[in-house]
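The residues making up each chain are set out below.
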Amino acid sequence: MGKSKHAVAAAAAPAAEPANNDAPAAPSLAGMGRQLVMLPALWASHKIDWQEANAQSALLAVFCLVGMTGFLLLQYTIRKVNLAKDERRVANPGEGPYMPAKAADGTVSVQEYDVAKLKELKMQFMLSVGIVAFLHIKWGYTQPILVMSLMQPMQFWGMQAFHIHLRGVEAVGQYARPWAKADSGNPLAQWADRKKREAEEAAAAAASKND
């Protein structure tokens, strides 16, 4: 009797709604950690007069150290990837300014993939350094220098290639290739990507009608 009651209750219970695959992913712990570091740091920065000579010199020294260390770290990691010559294949590598032509099966080698990702990161890093330096030289802004000096090491730490090639972490789980874009958990970026796909589909549909 007890079993039949449980069976009836289970049958009467409403079925769980299917998961909404279009919903934005939950923010990563790494992103939350960066925010937890940045918010108090920015608040504390307002207590310091960055126009004072000693404070500004210290900030510029840290910025230069981050810039040089980041560049050397990227170069060293690229060298390690090239020395490893890993010829295993990466499926669905995506597109990028340094991504080589894919093989007939749509794959690239691990070496090609990792080097392309690291070179892309190096390009973004050097561009950011140049923009921040220009803003300081031209208008004397110090806030971008502070933000980059704090954020860049954390962004490097979130790069899977560093963990794989410098720490010896296996390329499985969150380190498995292909790697997600840095803004893959950003709802705004997801919305922009969705709108881009919709526009491409609409253009393809219009072209097929004309044919």
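Residues numbered from 1 in each chain as written. Predicted model: local features only at pLDDT ≥ 70, side-chain atom pairs only at ≥ 80, totals over all residues. Heavy atoms only, no water.

Judged by side-chain polarity, Phe71, Leu72 and Met126 come together as a nonpolar surface patch covering roughly 280 Å² of accessible area. If you trace the backbone, Met126 turns up in helix α4 (residues 110–139). Using a relative accessible area of 38% as the deciding quantity, one classes Met126 as partly exposed. (Patch = residues over 30% accessible without salt bridge, like charges linked within 9 Å, V, L, I, M, F, W, Y side chains within 5 Å. Areas by Shrake-Rupley, 256 points an atom, 1.4 Å probe, with all protein chains shown as cover. Salt bridge = Lys/Arg side-chain N within 4 Å of Asp/Glu carboxyl O. Helix = DSSP H or I, 4+ residues; strand = E, 2+ residues; numbered from the N terminus. Buried < 20%, exposed > 50% of the residue type's maximum accessible area, 1.4 Å probe, protein only.)

All right, on to the layout of surface pockets then. Gaps left between atoms are located by rolling a probe of water-molecule size over the structure's atoms. Of the voids in this model, the second largest pocket is the one considered here, and its volume is about 230 Å³. Along the wall of the second largest pocket there are 16 residues; nearest its centre are Asp86, Arg88, Ile164, His165 and Arg177. Only α3 (53–84), α4 and α6 (160–166) provide two or more residues apiece to the lining of the second largest pocket. By residue class, the composition of the lining of the second largest pocket is 7 nonpolar, 3 polar and 6 charged. (1 Å grid on protein atoms, 1.4 Å probe; cavity = no way out; pocket = protein on both sides within 12 Å on 5 of 7 lines; lining within 4 Å. Points joined across faces, edges and corners; volume = space filled by probe spheres on them. Nonpolar A, V, L, I, M, F, W, Y, C, P; charged D, E, K, R; others polar.)

As recorded in UniProt, the sites labelled "transmembrane region" (unreviewed entry) are residues 58–78 and 123–141. Annotated as 100% helix and 0% strand, the span residues 58–78 places its first and last C-alpha atoms 30 Å apart. Secondary structure across residues 123–141 divides into 89% helix and 0% strand, with the first and last C-alpha atoms of the span separated by 23 Å. (UniProt positions renumbered as here; feature names shortened; annotations may be inferred.)

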